[in-house]
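Below, each chain spelled out in residue letters.
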Amino acid sequence: MDILGWIVVSLVFIVAYVGLIYPIIPSVLFIIAGYLLYGLFFSFEQFSILFWIIQAMFVILLFVADYFSNLVGVKRYGGSKAGIWGSTIGLLVGPFVIPVVGIVAGPFLGAVIAELLVHRKSIGEAMKVGYGSLIGFLSSIVVKGALQTIMIVYFIFQVQ
């Protein structure tokens, strides 16, 4: 039963990492689900109030990192709120419209289209914003991946 429990918890953590690339999958919820499943399979005794406070702070940090990486990426390259919204919509819709390629193309195209339609920017300016959106998305993956890894490593140290 112990092996099955660890397999299930590990699979849930793997899904959390898949959520870095497919943002429709709420990574942080899968990490928390892994903790809860561990507690159900084994015990909640190892999880002190300090553990939950630290994890809650990491959850907040994940949301802040996600928001600011996109914001900084788009704003740094001359984008507006429309570009940010377009990027976000493209990020959510892209993988469904163009499987695999849509993960990268979605935020780029979303930002470009939004800037072209809302602010009537030139194609060159809009492409620059799209590039910024892509940089923001990729940096978000790196930062959130590192934070998720820290959360899971801390969990592993707690349960040993």
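Before reading on, note that the structure itself is shown above.
Let me sum up the structure you'll find in this document. (Residues numbered from 1 in each chain as written. Predicted model: local features only at pLDDT ≥ 70, side-chain atom pairs only at ≥ 80, totals over all residues. Heavy atoms only, no water.)

### Thoughts on the overall build of the chain
Keep this limit in mind: Segments assigned H or I by DSSP are reported as helices when at least four residues long, segments assigned E as strands when at least two residues long, and all are numbered from the N terminus. To sort residues, take the accessible area from a 1.4 Å probe on protein chains only and compare it with the maximum for the residue type: under 20% means buried, over 50% means exposed, and anything in between is partly exposed. Throughout, a residue-residue contact means that at least one pair of heavy atoms, one from each residue, lies within 4.5 Å. Areas reported here follow the Shrake-Rupley algorithm with a probe of radius 1.4 Å; residue values treat only the protein chains shown as occluding. Counting rule applied: Lys, Arg positive; Asp, Glu negative; His and chain ends not counted. Charged side chains are reduced to one point each, which is NZ for Lys, CZ for Arg, CG for Asp and CD for Glu.
Looking only at helices and strands, one finds 6 helices and 0 strands in the chain. Structurally, the chain occupies a C-alpha span of about 60 × 30 × 20 Å along its principal axes. Across the 160 residues that make up the chain, the buried fraction comes to 41%. The long-range fraction of contacts in the chain, counting pairs at least 24 apart against all pairs at least 6 apart in sequence, stands at 63%. Summed over its atoms, the accessible surface of the chain is roughly 8,900 Å², and 78% of this surface lies on carbon and sulfur atoms. The distance from the centre of the 7 positive side-chain charges to the centre of the 5 negative ones in the chain is 21 Å.

### A closer look at the packing of helix 3 (residues 49-76) against helix 4 (residues 81-97)
For the record, the criterion: Between N-to-C directions, angles cover 0 to 180 degrees, with each direction set by a line fitted to C-alpha atoms, over the stretch in contact for helices. Roughly parallel here means an angle under 35 degrees, roughly antiparallel means over 145, roughly perpendicular means 65 to 115, and every remaining angle is called oblique. For any helix crossing, the convention is left-handed if the near helix is rotated counterclockwise from the far helix by under a right angle, and right-handed if that rotation is clockwise. Amino acids outside the nonpolar list (Ala, Val, Leu, Ile, Met, Phe, Trp, Tyr, Cys, Pro) and the charged list (Asp, Glu, Lys, Arg) are all regarded as polar, and Gly is one of them.
Helix 4 packs onto helix 3 with a crossing angle of 130° between their chain directions and a minimal axis gap of 9 Å. On the basis of their axis angle, the class for helix 3 and helix 4 is oblique. Helix 3 and helix 4 meet at a crossing whose hand is right-handed. Side by side, helix 3 and helix 4 meet where N70, L71, V74 and K75 of the first sit next to K81, G83, I84, S87 and T88 of the second. For the contact of helix 3 with helix 4, the per-class residue count stands at 3 nonpolar, 4 polar and 2 charged.

### Notes on helix 1 (residues 2-21)
Short version of the rule: A helix is expected to span 1.5 Å multiplied by its residue count minus one.
Spanning 20 residues, helix 1 covers 30 Å between terminal C-alpha atoms, matching the ideal 28 Å at 1.5 Å per step. Lining the buried residues of helix 1 we find helix 2 (27-41) and helix 6 (123-159).

### Examining helix 5 (residues 102-118)
With 17 residues, helix 5 ought to run about 24 Å at 1.5 Å a step, and its terminal C-alpha atoms sit 22 Å apart, in line with that. Considered for burial, the residues of helix 5 that qualify are G102, I103, A105, G106, P107, G110, A111, V112, A114 and E115. Contact partners of the buried residues in helix 5: helix 1, helix 4 and helix 6. Just downstream of helix 5, R120 is the residue with a positive phi angle, here 50°.

### What to know about unusual backbone geometry
At R120, a residue that is not glycine, the phi angle is positive and equals roughly 50°. Considering the arrangement of structural elements, one finds R120 in the loop between helix 5 and helix 6.

### Re the side chain of S69
Its location among the elements puts S69 in helix 3. Excluding its chain neighbours within four sequence positions, the residues that come into contact with S69 are G136, S139 and S140.

### As for the environment of G94
For G94, the location among the structural elements is in helix 4. Of the residues examined, G94 reaches a relative accessible area of 8% and is grouped as buried. The spatial distance from the C-alpha of G94 to the C-alpha of G110 is 8.4 Å, given a sequence separation of 16 residues. Dropping the residues within four chain positions of it, G94 is found in contact with I89, G102 and G106.

### Thoughts on the packing of aromatic side chains
The condition is simple: Between the rings of Phe, Tyr and Trp (Trp by its six-membered ring), a pair exists once the centres lie within 6.5 Å; its type follows the angle of the planes, with under 30 degrees stacked, over 60 edge-to-face, and the other angles tilted.
A full pass over the atoms with the stated rule returns 21 aromatic pairs. An angle of 20° between the planes, with centres 5.4 Å apart, marks the rings of F51 and Y154 as stacked. Here F51, found in helix 3, pairs with Y154, found in helix 6; they are 103 residues apart in sequence, far enough to count as distant. Three or more aromatic residues joined by ring pairs make a cluster, and in this case those are W6, F13, Y35, Y38, F41, F42, F44, F47, F51, W52, Y154 and F155.

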